[in-house]
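Here are the chains, one letter per residue:
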Amino acid sequence: MRKWRILIIIISLTIVLAVVSAFGWLNYPKSWFWKTLQPARVVAQFSFGKIPNFFRDLFHLSTIIGQNKSLQEENLNLQSKLSKLQEVEYENEILKKELSFSRSEDSSQMIAAAIIGQPPSGYLRTLLIDKGESNAISKGQAVISQGFLVGKVTKVYPSTSEITLITDFNSLIPVVLQNSRGTGLLRGGLDGLVIESIPLNIQTEPQENVITSGLGGEIPAGIAVGKLKKVISKEGEIFQKVLVASPVDFSRLEVLFILKRNE
Amino acid sequence: MNKFFQIIFVILIALLQITIMPFLSFYGVWPNLILILVVMLILNGFNEEGFIAAGVGGLVMEFASIYFFGFYSLVFVAVAVILYFLNSRFLNEPNFYLSLAILAIFVFVYDGIFLLLTPNMSWSTIIFNIAYSLLIAWPTYHLLSYYHKRINETELTI
């Protein structure tokens, strides 16, 4: 009899709280709940968070050594390119002055945000950040880490916001392949980042950059997403499908930047 | 065990699920400790404790949930009720391998719900989650079994 009494109390309490939640009255307690848990989460991230990464790194040690070698080569290559670009920038500035161009101001502004929560189940790749409506965060804004697009704001609470990562199954971002100019929709999933709906007449290039196309108006154009890894579409399909590699490790995200667009 | 300590214990497990488990994920998967606890408690004969774990654990997880309020509570309570009837009608004694098999089925069903809510989710994730859950359920079952035996011995002595 006692166990049924417990069950009735629990179900009644759930129904009452579900009704309260439907009116949005639990948004503040939910926000407060995450804020309270943030210190514990930070401690967990810097202690337990290292365990799976350690095993993963150990497992991929040979790959890491190879990657390190190629990154060193790429770094040298980029350094030489950078010095050339600095020279070009200098020339560009001089030419602009000569032609009386005024330097256009950056149309966007970044807001740094810390991750304070993740949903209890790992199937949806969503995160909770410590910035919300009070920090001028609004739905649809792009979220960046290390200069690459990692997600977009999907829900905004008074002092927190929910972010859906581009690796989420439900995430759809309009992108463009920088060299071949093929447009498509970037989708997350267990297979990784996949661009769907690329027209068949587009000749994709290996390792070409993938950037946001700006279609739809939510996410600005030109944000780097990653590089084309390989074409995975099968014969007979009416569109091409390609796999994209992002340099961002989505399991190690710490600080995110919200791209706030100027009105 | 005192009811108050039971509730505190379940809250701690739920908080562990929310704060630590996401960092112990392998290939993006981490098991649900509350589900494991509910299944193992009821299959070891701790029915009342199982119901408390389902209700309290579910309610704590609602605050971290992105689904409608009541989702976790209802799922865990439903799991507890189904297991209670299954245990009282068909299972006489706690059985380790049977408990693991039942847990695997419940994890499969629980993940199946997420599969319905999440298009494009792979079935291989579920298999991986079942394996991870069984790994955690192994010591949980033995701890509860040991506790069960201790209670029985104490009752016999009295």
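The structure presented is a predicted model; accordingly, all values stated were derived computationally and were not measured. (Residues numbered from 1 in each chain as written. Chains lettered and ligands numbered in written order. Predicted model: local features only at pLDDT ≥ 70, side-chain atom pairs only at ≥ 80, totals over all residues.)

1. What about the pairing of strand β11 (residues 239-245) of chain A?
Residues and elements named next belong to chain A. Because side chains alternate across β11, one face comprises the buried residues Gln 240, Val 242 and Val 244, and the other comprises Phe 239, Lys 241, Leu 243 and Ala 245, none of which is buried. The pairing of strand β8 (residues 193-199) with β11 spans 5 bridges and is classified as antiparallel. Paired with Ile 198 across the strands is Gln 240, a residue of β11. When strand β10 (residues 224-231) meets β11, the two strands line up antiparallel, connected through 4 bridges. The partner of Lys 230 across the bridge, within β11, is Leu 243. (Buried ≥ 20, exposed ≤ 12 C-beta atoms within 10 Å, placed from the backbone. Helix = DSSP H or I, 4+ residues; strand = E, 2+ residues; numbered from the N terminus. Pairing = 2+ DSSP bridges.)

2. Concerning helix α2 (residues 27-47) of chain A
Residues and elements named next belong to chain A. Here α2 contains 21 residues, and its C-alpha end-to-end distance of 30 Å stays within 8% of the 30 Å for a straight helix at 1.5 Å per residue. Residue Gln 38 marks the point of greatest curvature in α2, where the axis turns by about 45 degrees; the proline Pro 39 follows within four residues. Within α2, burial applies to Lys 30, Ser 31, Trp 34 and Arg 41. (Expected span 1.5 Å × (residues − 1). Bend = angle between axes of the 7 residues up to and from the residue.)

3. A short note on the interface of chain B and chain A
The extent of an interface is frequently quoted as the accessible surface area lost upon association of the parts. The interface of chain B with chain A comprises 36 residues on the first partner and 37 residues on the second. If you list the elements that add at least two residues to the side of chain B that touches chain A, you get α1 (3-19), α3 (47-62) and α4 (71-89) of chain B. The biggest single contributor to the side of chain B that touches chain A is α3(B), with 7 residues. (Contact = placed C-beta atoms within 7 Å.)

4. Some details on the confidence of the model for chain B
For chain B, mean pLDDT is 85; residues scoring 70 or higher make up 94% of the total. Per-element mean pLDDT across chain B ranges from 85 in helix α6 (residues 123-157) of chain B up to 93 in helix α2 (residues 33-43) of chain B. (pLDDT = per-residue confidence, 0-100.)

5. Some thoughts on unusual backbone geometry
Residues and elements named next belong to chain A. With phi around 55 degrees, Gln 146 is a residue other than glycine that occupies positive phi space. Position of Gln 146 relative to the elements: it lies in the loop between β3 (142-145) and β4 (148-156). Take Gln 146: there are 14 C-beta atoms within 10 Å of it, and that puts it in the partly exposed class. Although it is not a glycine, Ser 197 adopts a positive phi angle of roughly 65 degrees. Looking at the element boundaries, Ser 197 is found in strand β8. A count of 15 C-beta atoms within 10 Å places Ser 197 in the partly exposed class.

6. Concerning the packing of α3(B) against α4(B)
Residue and element names in this part refer to chain B. Put simply, α3 and α4 touch, their axes get as near as 7 Å, and they point 165 degrees apart. Of the possible angle classes, the one that applies to α3 and α4 is roughly antiparallel. The chirality of how α3 crosses α4 is right-handed. When α3 is examined against α4, the residues Asn 47, Gly 50, Phe 51, Ala 54, Gly 55, Gly 57, Gly 58, Leu 59, Met 61 and Glu 62 are found in contact with a partner set consisting of Tyr 72, Ser 73, Phe 76, Val 77, Val 79, Ala 80 and Tyr 84. Its residues placed into classes, the contact of α3 with α4 shows 10 nonpolar, 6 polar and 1 charged. (Axes fitted to C-alpha atoms, helices over the stretch in contact; angles between N-to-C directions. Parallel < 35°, antiparallel > 145°, perpendicular 65-115°, else oblique. Left-handed = near helix turned anticlockwise from the far one by under 90°. Nonpolar A, V, L, I, M, F, W, Y, C, P; charged D, E, K, R; others polar.)

7. Comments concerning the environment of Pro174(A)
With respect to the helices and strands, the residue Pro174(A) is situated in strand β6 (residues 172-177). Here the alpha-carbon distance between Pro174(A) and Ile195(A), two residues 21 residues apart in the chain, equals 8.9 Å.

8. Quick word on the nonpolar core
Counting 47 residues, the largest nonpolar core has Leu35(B), Val38(B), Val39(B), Phe76(B) and Val79(B) as the members making the most contacts within it. The set of elements that each furnish at least two residues to this core consists of α1 (2-22) of chain A together with α1, α2, α3, α4, α5 (96-117) and α6 of chain B. For this core, the element with the highest residue contribution is α2(B), accounting for 11 residues. Beyond its immediate sequence surroundings of up to four residues, Val39(B) is in contact with Val79(B), Leu83(B), Ile102(B), Leu103(B) and Phe106(B). (Core = buried A, V, L, I, M, F, W, Y, C linked by C-beta atoms within 7 Å.)

9. Thoughts on the pairing of β3(A)
All names here are of chain A. With 4 bridges connecting them, β3 and β4 associate as antiparallel partners. Its bridge partner lying in β4, Val 143 is registered against Gly 151. Hairpin remark: β3 followed by β4, antiparallel, with 2 residues in the connecting loop; positive phi at Gln 146, about 55 degrees.

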